[in-house]
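Structural features, examined
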Amino acid sequence: MLEKMDGFFTARVDGYDEHMKSTIEGATSFYKFTASLLPTEKNAKVLDLGCGTGLELEEYFSVNPQADVTGIDLTEVMLESLKEKFPDKNIITICGSYFDVPFREELFDAAVSVESLHHFTKEEKISLYTKLRNALKPGGYFILTDYFSESDEQENDFQQELFRIRKEQNVSDDIFYHYDTPLTVEHEKEALLSAGFTQVEEVDSWGVTHTLKAVR
């Protein structure tokens, strides 16, 4: 049975960090690498989409302990875990969907998302990325480290299987459920460019996980 996104992560918050680090190829490297790409200036403003328990922020605060971070996540217990980790850091947490939460324009120096956005369609992402681009300052950028399909055929298979399961279980399309539907790297780049980012490049990869940098 499909599980609602927030319920899925609420049920798994205990042991989540260890699970992510030990079961995803390259995780011991890509969290640190992702953090290394974020701004090092004092009080840099960074938006984290799907911040969860803050695995990437553990690495980022070791690089820039005085950064100002806004973290958005659907799961309240994940955000509570994050706040317990960093009681002395400048973090604003927002419990909600990053599709629905309004972003102030030209507020952030950079944005980041790690292993969160592989549940959504290209069309959904273009809308989100347009809002995200507008939230970045001129010259700002977005670092995306995520799970990607290895071919167009695999991407289509994921999406068709989700459609089949939703129909079989009579599940509404307007509720987020936990099911992986990763795009290919090329389709992700297309979504970012369609949203108005001027430059998108792949900067590293670990198996099916890739890091992209999109510049406003």
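Small disclaimer: the values here were computed from a predicted structure and weren't measured.

About the cut-offs
- Residues numbered from 1 in each chain as written.
- Predicted model: local features only at pLDDT ≥ 70, side-chain atom pairs only at ≥ 80, totals over all residues.
- Heavy atoms only, no water.
- Core = buried A, V, L, I, M, F, W, Y, C linked by side-chain atoms within 4.5 Å.
- Buried < 20%, exposed > 50% of the residue type's maximum accessible area, 1.4 Å probe, protein only.
- Contact = heavy atoms within 4.5 Å.
- Helix = DSSP H or I, 4+ residues; strand = E, 2+ residues; numbered from the N terminus.
- Pairing = 2+ DSSP bridges.
- Axes fitted to C-alpha atoms, helices over the stretch in contact; angles between N-to-C directions.
- Right-handed = clockwise from strand over helix to strand, strands pointing away.

1. Brief notes about the nonpolar core
Formed by 56 residues in total, the largest nonpolar core has its most connected members in Y60, F103, Y129, L132, F142 and F197. Leave out the neighbours within four places in its chain, and L132 touches L47, L49, F103, A111, F142 and F197. Counting six residues, the second-largest nonpolar core is a separate cluster that includes L2, I165, Y177 and Y179.

2. Describing unusual backbone geometry
Even without being glycine, N43 reaches a positive phi, approximately 65°. When you line up the elements, N43 lands in the loop between α3 (27-36) and β1 (45-49). Judged by relative accessible area, which is 36%, N43 ranks as partly exposed. Despite not being glycine, E115 shows a phi value in the positive range, around 55°. Considering the arrangement of structural elements, one finds E115 in the loop between β4 (108-114) and α6 (122-135). Here E115 falls in the buried class, since its relative accessible area comes to 10%.

3. Observations regarding the sheet that holds strand β6 (residues 199-206)
Judged by pairing direction, the sheet is mixed, and its seven strands sit side by side in the order β3-β2-β1-β4-β5-β7-β6 without closing on themselves. Strands at the two margins of the open sheet, each flanked by one partner only, are β3 (90-95) and β6. Between one strand and the next, the sheet's axes are offset by a mean angle of 15°, whatever the strand orientation. As paired strands, β4 and strand β5 (residues 136-147) are joined by six bridges and run parallel to one another. Each residue of the ladder has a partner; that of V112, found in β5, is I143. Relative to β6, α3 is tilted by about 150°, and along the sheet it contacts β4, β5, β6 and β7 (209-215).

4. Let's talk about the pairing of β5
The buried fraction of β5 is high, at nine of 12 residues. Crossover β4 to β5 through α6 is right-handed. Direction of pairing for β5 relative to β7: antiparallel, over a ladder of seven bridges. Across the sheet, the residue bridging to T145 is T211, located in β7.

5. A short note on the environment of A110
Locating A110 in the fold gives a position in strand β4. For the pair formed by A110 and L37, sequence separation is 73 residues and the distance between their alpha carbons is 9.6 Å. Excluding residues within four positions of it along the chain, A110 makes contact with L38, P39, K45, V46, L47, L136 and Y141.

Don't take any of this as a statement about function, it's just geometry.
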